[in-house]
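Summary of structural features
What follows is the residue order along each chain.
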Amino acid sequence: MTQVDERSAAQEVGEQALRPRWRRRPPLLPTLTLVVAVLTALAAVLAVSAISASHRADDEAQVLAMARQTALNLTSTDPNNANTSFAHLQEAATGQFAADLAAQQDSFVRVVQSAGVSSQGTVSAAGMQRLDGDEAEVVVVVNATVKNVQTPDGEPRQWRMHMDLQKQSDARWLVSGLDFVA
């Protein structure tokens with residue numbers, strides 16, 4: 001019987017050697033396991049990437065909205081609502097910008113009221129310069145017609161503002177720095 005077993009084993013090996021290589025099949029379970037693992041890893045990477053892109057897009061939209069609104073609050077006022085306009089600016093401020101505003105509150109309101117300053121701003125452009133985690137930089141272009149007791153018909157003005165914004169613990173973005181640029 002040993003001869004029969006040896007012959008059949010030799011015959012089987014010989015038949016496998018005669019089969020074309022493309023017909024030989026790799027072991028099915030390890031191959032399927034590898035394919036499933038690769039697909040799972042790829043799906044995880046794509047999901048994380050999609051979530052990250054979605055969060056970034058949300059942050060960009062919030063940053064630009066806050067920058068636009070702050071620019072409007074700064075360039076839209078009149079003697080009757082100077083205190084309210086200033087309060088809106090303070091609500092959007094944090095850090096050094098909040099400290100600067102607090103120091104200027106009385107003089108801002110006094111100048112607007114005594115000179116009869118009336119201004120209505122419109123944002124003509126806003127763009128993201130940088131967004132890194134919880135910090136952002138934005139440039140906003142504002143057009144306004146400024147009226148006062150000396151120019152009752154008003155004069156057109158245009159300002160470019162560079163703003164630094166910081167994300168707060170409650171996920172709101174606030175302006176931490178504001179400069180007028182040429």
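Predicted model, so just to flag it, every value in this text is computed and none were measured.

**Here's the deal with the pairing of strand β2 (residues 135-147)**
- In the sheet, strand β1 (residues 118-132) pairs with β2 via 13 bridges, with the strands oriented antiparallel. Residue pairing for β2: G121 is matched across the bridge by A144.
- Hairpin geometry of β1 and β2 is characterised by an intervening segment of two residues between the two adjacent antiparallel strands and by a positive phi of about 60° at G133.
- Across 12 bridges, the pairing between β2 and strand β3 (residues 155-167) is antiparallel. When the sheet's bridge partners are listed, E137 is paired in β3 with D164.

**Examining a nonpolar patch on the surface**
- A contiguous nonpolar patch, built from V35, L39, L42 and L46 and spanning about 380 Å² of accessible area, is present on the exposed surface.
- Structurally, the position occupied by L46 is in helix α2 (residues 28-75).

**Things to note about the sheet that holds β3**
- Taken in spatial order, the four strands make up an open sheet running β1-β2-β3-β4, and their pairing is antiparallel. Each edge of the sheet is formed by a strand with only one pairing partner; in this case those strands are β1 and β4 (173-181). Direction aside, the axes of adjacent strands within the sheet are offset by 25° on average.
- The sheet strands contacting α2 are β1, β2, β3 and β4, and the helix crosses β1 at an angle near 150°.

**Observations concerning helix α4 (residues 95-114)**
- With 20 residues, α4 ought to run about 28 Å at 1.5 Å a step, and its terminal C-alpha atoms sit 29 Å apart, in line with that.
- At Q104, α4 shows its maximal bend, which comes to roughly 55°.
- When we look at burial in α4, the residues that qualify are F97, L101, V109 and V112.
- Those residues of α4 that are buried lie in contact with α2, α3 (82-91) and β4.
- Trailing α4 by a residue or two, G116 shows a phi angle of about 60°, which is positive.

Analysis parameters
Note on numbering: residues in each chain are counted from 1, in written sequence order. Under the rules for a predicted model, residues below a pLDDT of 70 receive no local features and side-chain atom pairs below 80 are neither given nor counted, while totals for whole chains, interfaces and linings still include all residues. Heavy atoms throughout the structure, all of them, feed into the side-chain values; hydrogens and water do not. Strand pairing is assigned whenever DSSP detects at least two bridges linking the two strands. By the criteria applied, helices consist of DSSP H or I runs no shorter than four residues and strands consist of E runs no shorter than two, each listed in order from the N terminus. Patch membership needs two things, relative accessible area over 30% and no salt bridge, and members are linked within 9 Å if like-charged or within 5 Å if nonpolar (Val, Leu, Ile, Met, Phe, Trp, Tyr). The Shrake-Rupley method, run with a 1.4 Å probe, gives the accessible areas here. Residue values count only the displayed protein chains as cover. By convention in these notes, a salt bridge is any Lys or Arg side-chain nitrogen within 4 Å of a carboxyl oxygen on Asp or Glu. Every angle, taken between N-to-C directions, lies between 0 and 180 degrees, and every axis is a line fitted to C-alpha atoms, over only the stretch in contact when it is a helix. Residue contacts are counted whenever heavy atoms from the two residues lie within 4.5 Å of one another. Every helix has an expected span of 1.5 Å times one less than the residues it contains. Take the seven residues that end at a residue and the seven that start at it, fit an axis to each, and the angle between those axes is the bend at that residue. Buried residues are those whose accessible area, probed at 1.4 Å on protein chains only, stays under 20% of the maximum for their type, while exposed residues exceed 50% and partly exposed ones sit between those limits.

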